[in-house]
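# Coordinate inspection notes
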Amino acid sequence: MVKFRSRLFGTEFDPPLILASGILDQTAESIQRLIKKGMGGVVTKSIGTEPREGHPNPTIVELDTGLLNAMGLPNQGIEDFKNEMEKLESELEEEPIIGSIFASDPDDFSHLAGKMTRYGADMVELNLSCPHAEGYGAQIASDDEIMERVIKKVDERIQEPILAKLPPSNEIAKNAVLAERSGADGIVCINTVRAMAVNFETQEPILGNKIGGYSGPGIKPIGLRCVYEVYREVDIPIIGCGGITDGRDALEYILAGASALQMGSALHHRGKDAVEKVSKEATELMRKEGIDDIEEIIGGAH
Ligand SMILES: Cc1cc2nc3c(=O)[nH]c(=O)nc-3n(C[C@H](O)[C@H](O)[C@H](O)COP(=O)(O)O)c2cc1C
């Protein structure tokens, strides 16, 4: 029996495919639907201290090789999100819920992490990597001192595992080492890649925010490079993300060093049952190659 599943921080991810933050995960109902479609766990939309509208339209552009988005972290704020978390908590059986949070300073991160776990999150993912929201996300990870303070404060506040989601910079391995030293229990890489689209006819940027984040198949080589570089430097588990669209992509990330995976844009490209398809394809490929357990191949490309 091929084992396409993993155990991280004492929690089973079966399959090791987790819904990435920001894709069909704003309400308990949509998250439950995806769990029923076979997701091994979910990350919530990134939630902040207060409600936030996000960037002006258009916020999404479809490209041949993926998506470009500049949502700008729209969300209802942690107090309102409590209802969704409680609904989820009561309906889910054992699938892990990872609460994603964003803030501009260590105190707000710590406050949000405390609330997320109190409202039912089994783990917290720190969004240190959104490439298009001024003062948040990737700007936090670009400042070593702030990033260290954010993670340390969250670590002092909660007992649950802390995942640091990092941007795909050239410094990702150095960032990951700092995150590990500051108290992160796992690294998630990558978020979207800072990018833009221009309309030839109007001679203007297409996104309302002009700059956005690129996701989907086109960023897979960047995600793989990041996982590969981080794996060489840290001892904590890595969750790979970025362009995972079929079973082969998933296994390539595991060979680069990931112990579990997240999927986002694939749901757009292959439909809501993308996870079932990816799971089936990965299991089939493992069987063909005589791999019984993904444990055997984590980091195998090194
Ligand atoms: C529409 C959209 C919204 C997103 N919102 C968030 C978010 O709120 N927080 C976050 O950490 N990442 C967010 N992401 C990034 C994804 O979680 C993921 O890291 C990225 O899309 C790469 O994975 P993929 O190629 O499988 O989509 C968003 C991505 C998309 C396409």
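First things first, this report covers the structure right here in the doc. (Residues numbered from 1 in each chain as written. Predicted model: local features only at pLDDT ≥ 70, side-chain atom pairs only at ≥ 80, totals over all residues. Heavy atoms only, no water.)

### With respect to the sheet that holds strand β8 (residues 123-127)
Pairing in this closed barrel of 8 strands is parallel, and the strands run β3-β4-β7-β8-β9-β10-β15-β16 around the ring. In this sheet, adjacent strand axes meet at a mean angle of 25° when their direction is disregarded. Across the face of the sheet, helix α5 (residues 144-157) comes into contact with β8 and β9 (162-165) while running at roughly 160° to β9. (Pairing = 2+ DSSP bridges. Helix = DSSP H or I, 4+ residues; strand = E, 2+ residues; numbered from the N terminus. Axes fitted to C-alpha atoms, helices over the stretch in contact; angles between N-to-C directions. Contact = heavy atoms within 4.5 Å.)

### Observations concerning a positive patch on the surface
Side chains of Arg33, Lys36, Lys37 and Lys272 sit close together on the surface and give a patch of like positive charge. By the element assignment, Lys37 lies in the loop between α1 (28-36) and β4 (41-43). (Patch = residues over 30% accessible without salt bridge, like charges linked within 9 Å, V, L, I, M, F, W, Y side chains within 5 Å. Areas by Shrake-Rupley, 256 points an atom, 1.4 Å probe, with all protein chains shown as cover. Salt bridge = Lys/Arg side-chain N within 4 Å of Asp/Glu carboxyl O. Lys, Arg positive; Asp, Glu negative; His and termini not counted. Charge placed at Lys NZ, Arg CZ, Asp CG, Glu CD.)

### Considerations on the packing of aromatic side chains
A complete count under the given rule lists 1 aromatic pair for this structure. Aromatic side chains Phe102 and Tyr136 sit 5.1 Å apart centroid to centroid with 90° between the ring planes, which places their arrangement in the edge-to-face category. Of the two residues, Phe102 sits in the loop between β7 (97-101) and α3 (106-118) while Tyr136 sits in the loop between β8 and α4 (138-141), which places them 34 residues apart along the sequence. Residue Phe102 is classed as buried on the basis of its relative accessible area of 4%. (Phe/Tyr/Trp six-rings, centres within 6.5 Å; stacked < 30°, edge-to-face > 60°. Buried < 20%, exposed > 50% of the residue type's maximum accessible area, 1.4 Å probe, protein only.)

### Details of the site of the ligand
Residues in contact with the ligand amount to 24 residues; listed here are only the nearest, Ser21, Ser46, Gly216, Gly243 and Ser265. Between Gly243 and the ligand, the recorded distance is 2.7 Å, taken from a backbone N or O atom to an oxygen atom. Taking 610 Å² as the accessible area of the ligand by itself, protein coverage stands at 95%. More than half of the atoms belonging to the ligand lie within 2 Å of the grid points that define the largest pocket. (Near = heavy atom within 4 Å. Polar contact = N/O pair within 3.5 Å; in protein donor to acceptor, adjacent residues only side chain to side chain. 1 Å grid on protein atoms, 1.4 Å probe; cavity = no way out; pocket = protein on both sides within 12 Å on 5 of 7 lines; lining within 4 Å. Sits in = over half its atoms within 2 Å of the grid points.)

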